[in-house]
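Below, each chain spelled out in residue letters.
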Amino acid sequence: FALNSAVIAAGVVSLTLVCTLTAAYALAKLEIRYREAIFYFLVAALTLPTAALTVPLFITVRTLGLYNNPLSVVLPLATLQIAFNVLLARSFIQGIPDELLEAAHVDGASTWTVFSRIILPLSRPVIAVIAIWSFVGAWNEYLLPLIFLQKEEQQTLTLLPSYFVSRFAADQTKVAAASCLIALPTVVCYVAFQRYFERGLTAGALK
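Residues numbered from 1 in each chain as written. Predicted model: local features only at pLDDT ≥ 70, side-chain atom pairs only at ≥ 80, totals over all residues. Heavy atoms only, no water.

Participant: Mind showing me how you'd approach the overall build of the protein here?
Facilitator: Within the protein, the secondary structure is distributed over 10 helices and 0 strands. C-alpha extents for the protein along the principal axes are approximately 70 × 40 × 25 Å. A total of 207 residues make up the protein; the buried ones form 38% of that total. Partitioning the intrachain contacts of the protein with sequence separation of at least 6 by distance along the chain shows that 78% fall at a separation of at least 24. About 11,700 Å² of surface is accessible on the protein, with carbon and sulfur atoms providing 66% of the total. On the protein, the mean spot of the 13 positive side-chain charges and the mean spot of the 11 negative ones are 3 Å from each other. (Helix = DSSP H or I, 4+ residues; strand = E, 2+ residues; numbered from the N terminus. Buried < 20%, exposed > 50% of the residue type's maximum accessible area, 1.4 Å probe, protein only. Contact = heavy atoms within 4.5 Å. Areas by Shrake-Rupley, 256 points an atom, 1.4 Å probe, with all protein chains shown as cover. Lys, Arg positive; Asp, Glu negative; His and termini not counted. Charge placed at Lys NZ, Arg CZ, Asp CG, Glu CD.)

What follows is the structure in structure tokens.
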């Protein structure tokens, strides 16, 4: 169960970071057509709760043949987290001086070089925030694994307490132990990246 949760969380964090940072950089610093329209379209996606998308997601997963596949949880979770994370990352990247990027372009740096050598190192606080948020959201997800992962060997740690609760009795000791196991990685992750997490949230709020 823990290994399945770790695999799903790692996939969600990786996919969310790649999509969020590249999209935020494009929407903050690159001159692309309909940039503001695309941004507000992403912001509008914040109004969509996971529960309202359950039926369309189920139909899509069955159509693509991803039922009982970790991708059936990774892809929707990453997609649902991208909108808010782009809003946060774009605000942070906009605070990076344009003169710094222009100087790099004058020295012959390409768009990708500017992104990898300047934007990413300066964005470590917001990257930590996105990584922690994505990890916590994926690690604590209950609904999607419950629907899409029916095989016992593929289910996640959040479904473990239900195994210790029966119709007539519940093993509260094992439920409490499972709850501690579920919460422990989240606490460790926050403690390890606390400094970056607070800086990233503050920068986004001020912007």
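Participant: How should I be thinking about the pattern of salt bridges in this particular structure?
Facilitator: Inspection of the entire model under this criterion finds 2 salt bridges. With its nearest N and O atoms 3.1 Å apart, the salt bridge here joins Glu36 to Arg90. Of this pair, Glu36 sits in helix α2 (residues 35-44) while Arg90 sits in helix α4 (residues 71-94), and the two are 54 residues apart along the sequence. Taking relative accessible area as the criterion, Arg90 reaches 9% and is therefore assigned buried. (Salt bridge = Lys/Arg side-chain N within 4 Å of Asp/Glu carboxyl O.)

Participant: Before we go on, may I ask you to explain the side chain of Thr20 in this structure?
Facilitator: Summarising the element assignment, Thr20 is placed in helix α1 (residues 2-29). Looking at Thr20, its side chain comes within polar contact range of the main-chain oxygen of Thr16, at 2.6 Å. (Polar contact = N/O pair within 3.5 Å; in protein donor to acceptor, adjacent residues only side chain to side chain.)

Participant: Please explain helix α3 (residues 54-64) as it appears in this structure.
Facilitator: Residue pairs three or four apart in sequence face the same way in an α-helix, which turns once every 3.6 residues. Among all positions of α3, only Thr54, Leu57 and Val61 are buried. End-on view of α3: buried residues confined to an arc of 65°, all on one side of the axis. For α3, the exposed residues set more than 90 degrees away from the buried face come down to Val55, Arg62 and Thr63. Turning to α3, the residues buried within the fold contact α4 and α8 (143-148). Gly65, located one to two residues past α3, shows a positive phi value of around 70°. (Arc of directions from axis to C-beta.)

Participant: Looking at this structure, how should I read the environment of Tyr190?
Facilitator: If you trace the backbone, Tyr190 turns up in helix α9 (residues 172-192). Here Tyr190 falls in the partly exposed class, since its relative accessible area comes to 32%. Taking the C-alpha atoms as reference, Tyr190 lies 35 Å from Ser110; in sequence the two are 80 residues apart.

Participant: Whenever I open this one, the packing of aromatic side chains confuses me. Can you help?
Facilitator: Note on aromatic pairs: each is described by the distance of the centres and the angle between the planes. As enumerated under the stated definition, the model contains 7 aromatic pairs in all. Considering the side-chain rings of Phe58 and Phe148, the 6.4 Å spacing of their centres and the 15° angle between planes classify their relative orientation as stacked. Highlighted residues: Phe58 in helix α3 and Phe148 in helix α8, separated in sequence by 90 residues. A relative accessible area of 0% means that Phe148 is categorised as buried. Through successive ring pairs, a cluster of aromatic residues spans Tyr25, Trp112 and Phe115. The cationic tip of Arg62 hangs over the ring face of Tyr67; the distance from NZ or CZ to the ring centre is 5.6 Å. Positioned over the ring face of Phe39 is Arg90, at 3.9 Å from the centre of the ring. (Phe/Tyr/Trp six-rings, centres within 6.5 Å; stacked < 30°, edge-to-face > 60°. Lys NZ or Arg CZ within 6 Å of the ring centre and 35° of its normal.)

Participant: How do you make sense of unusual backbone geometry when you look at a structure like this?
Facilitator: Where the residue is not glycine, phi is negative for most of them; where a peptide bond is considered, it is trans in most cases. For Tyr34, which is not glycine, the phi dihedral falls at a positive 60°. Residue placement: Tyr34 occurs in the loop between α1 and α2. Of the residues examined, Tyr34 reaches a relative accessible area of 57% and is grouped as exposed.

Participant: In this structure, what is going on with the nonpolar core? I would like to understand it.
Facilitator: In a soluble, globular protein the nonpolar side chains are often hidden away together inside. In this structure, Ile8, Val12, Val73, Leu77, Val114, Ile119 and Phe148 are the most contacted members of the largest nonpolar core, which totals 43 residues. Broken down by secondary-structure element, the contributors of at least two residues to this core are α1, α3, α4, α5 (98-106), α6 (111-122), α7 (124-139), α8 and α9. A per-element tally of this core places α1 first, with 9 residues. Beyond its immediate stretch of four places on either side in the chain, Val114 contacts Tyr25, Leu101, Ala104, His105, Ala109 and Ile119. (Core = buried A, V, L, I, M, F, W, Y, C linked by side-chain atoms within 4.5 Å.)

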